[in-house]
Every structure is written in C-alpha cells, then in structure tokens.
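# Architecture at a glance
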Amino acid sequence: MAKDIHGVGEAMSDDVLSIIPSDPRWQPDRVAAGRAVALVEHLAPGVADGGDGEIDVTWYDEVTVVDCGANLERIGCPLCRAAIDTEWWGDLLEAHCEGGFAVLSVEVPCCGGSTTLNLLDYDWPCGFARFEIAIWNPGRSWFSEDELAVMADRLGHPVRQIMAHI
Ligand SMILES: [Zn+2]
C-alpha cells in the first residue's frame, strides 16, 4: 500500500477473514485442515514473510459464533423480513461468550417466529461453526467463488467466509 489511509490517533484495529464449514457442527480431520490452511497461506499475501498477518486454526468443542464485529450493519428476519434489533444480537453474544451455542433454534423478537440463528440474514455475514480458519490481516479482500470452491475441495466440505473488523 503506497499511502497510510488511517488518520492520526485512530485506535489499532484488525481485519479478520474467516473460513468456516457451511454446516455449523461439521469438523475436518487434521489432514484435511492442513490442506486447507496450506491453500490459505498461498492465497493471503498478508501472512507471507514480512506481512503482519497470521493464521489461527481452531477446533471448537461447542458451536461457536463467528461474527463480523464492527462490519455488522443489519440483521434481517428470514420469516417476516423485518430488521432485528442488533442490541438483541449483542446481548445474545454476551450471554454465550463462554460455552458456545448448544442450541441454535431461536424465537426472533420481531415476529415471535421460530427459526435458527444460523438462518438469520446477517449483513455483513456472520456464522456458526465448530471449526474456523481465521486469517488476521490477510492483505486481501473476500475470496472469490472459485477460491472458495477449491478450499471446500481441500477441506472436504462446503465453506463460507466471514469478514470481521475488530
Ligand atoms: Zn420476524
């Protein structure tokens, strides 16, 4: 990057691009995870030598939220299409910050309907997973559909991506 676009005095922050399996409960074995991570290293210039990026690979015991941090602009209800109060979501995350989400089914506050947390319409995307490849300061933007397809092939399961700003 040629110019520093951050203003003086701005707090330090990080971008985290995460890859998770599309099924919140699915986990890869070590070999498959290793194949996917090798690909990520190849696709993320920020984690190359000299970059400030880093890759964290985590197997969670419980289903864990992978949220987009400050990038969250709106949560839509898949049933009535109303916007769901992001404070409701914030409280939920706080309540589950330890122990994960044993149950994803939920009664939404807008229309009282029953759905699952994984099906809410998050903008930007959020997800739930028991496996995550988190790329801190990846030095790039979203993966393309083609890149995600190759990653899914390496991992052995369809994948989703979450872009967090924290
Ligand atoms: Zn609703």
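Quick look at the structure, then. Every chain is numbered independently, its residues counted from 1 as its sequence is written. For this predicted model, a pLDDT threshold of at least 70 governs which residues receive local features, and a threshold of 80 or more governs which side-chain atom pairs are given and counted, while totals over whole chains, interfaces and linings are taken from all residues. Values shown for side chains rest on all heavy atoms present in the structure; no hydrogens or waters enter the calculation.

## Topic: the overall build of the chain
Our working rule: Going along the chain from the N terminus, every DSSP run of H or I of four or more residues is numbered as a helix, and every run of E of two or more is numbered as a strand. Here the globule rule is a power law, 2.2 Å times the number of residues to the power 0.38, and the radius of gyration is based on C-alpha atoms. Accessibility here uses a 1.4 Å probe with only protein chains present; expressed as a share of the type maximum, an area under 20% marks a residue as buried, one over 50% as exposed, and anything in between as partly exposed. Note on contacts: a residue pair is in contact if any heavy atoms of the two residues lie within 4.5 Å. A 1.4 Å probe and the Shrake-Rupley method give the accessible areas. Residues count as covered only by the protein chains that appear here. Asp and Glu count as negative and Lys and Arg as positive, but His and the ends of the chain are not part of the count. A charged residue contributes its charge at one atom only: NZ of Lys, CZ of Arg, CG of Asp or CD of Glu.
Within the chain one finds three helices and eight strands. Ordered by position in the sequence, the α and β elements of the chain form the string β-α-β-β-α-β-β-β-β-α-β. Scaling as 2.2 N^0.38, a compact globule of 166 residues should have a C-alpha radius of gyration of about 15 Å, and the chain matches this with 17 Å. Along the three orthogonal principal directions, the C-alpha set of the chain runs to about 50 × 45 × 30 Å. Per-residue burial over the chain gives 39% buried out of 166 residues. Partitioning the intrachain contacts of the chain with sequence separation of at least 6 by distance along the chain shows that 79% fall at a separation of at least 24. Total accessible area computed for the chain in this model is approximately 9,300 Å², and 50% of it derives from carbon and sulfur atoms. For the chain, the centre of its 10 positive side-chain charges and the centre of its 28 negative side-chain charges are spaced 7 Å apart.

## Observations concerning the nonpolar core
Applied cut-off: Side-chain atoms within 4.5 Å are what join buried Ala, Val, Leu, Ile, Met, Phe, Trp, Tyr and Cys residues into a set we call a nonpolar core.
Counting 23 residues, the largest nonpolar core has Trp89, Phe101, Leu117, Tyr122 and Phe128 as its most contacted members. Counting 20 residues, the second-largest nonpolar core is a separate cluster that includes Ile19, Val40, Val47 and Ala152.

## Remarks on helix 3 (residues 145-155)
Applied cut-off: Directions pointing from the helix axis toward each C-beta atom define the arc.
Buried within helix 3 we find Leu148, Met151, Ala152 and Leu155. Axial view of helix 3: buried residues confined to an arc of 100°, hence all on one face. Among the exposed residues of helix 3, those pointing more than 90 degrees away from its buried face are Asp146 and Asp153. In the core, the buried residues of helix 3 are packed alongside strand 1 (15-21), helix 1 (30-43), strand 7 (127-136) and strand 8 (159-165). The first or second residue beyond helix 3 is Gly156, which carries a positive phi of 90°.

## Concerning the state of the cysteines
Rules: Whenever a pair of cysteine sulfur atoms sits within 2.5 Å, that pair is classed as a disulfide.
If you walk through the whole model with that rule in mind, you get zero disulfides. Of all cysteine sulfurs, the one in Cys126 lies closest to Cys68, which takes part in no disulfide; the gap is 3.7 Å. With relative accessibility at 2%, the residue Cys126 sits in the buried group.

## Some points on the pairing of strand 8
For clarity, the threshold we go by: The pairing criterion is simple: DSSP has to find at least two bridges between the two strands.
Within strand 8, five of the seven residues are buried, which leaves the element mostly enclosed by the surrounding structure. One ladder, built from seven bridges, connects strand 1 with strand 8; its direction is antiparallel. Within strand 8, the position partnered with Ser18 by the bridge is Ile162.

## Thoughts on the pattern of salt bridges
Applied cut-off: Should a side-chain nitrogen of Lys or Arg be within 4 Å of a carboxyl oxygen of Asp or Glu, the pair is scored as a salt bridge.
Under the counting rule described, the total for this entry stands at one salt bridge. Here Glu147 makes a salt bridge to Arg140, at a shortest N to O gap of 2.7 Å. Judged by relative accessible area, which is 23%, Arg140 ranks as partly exposed.

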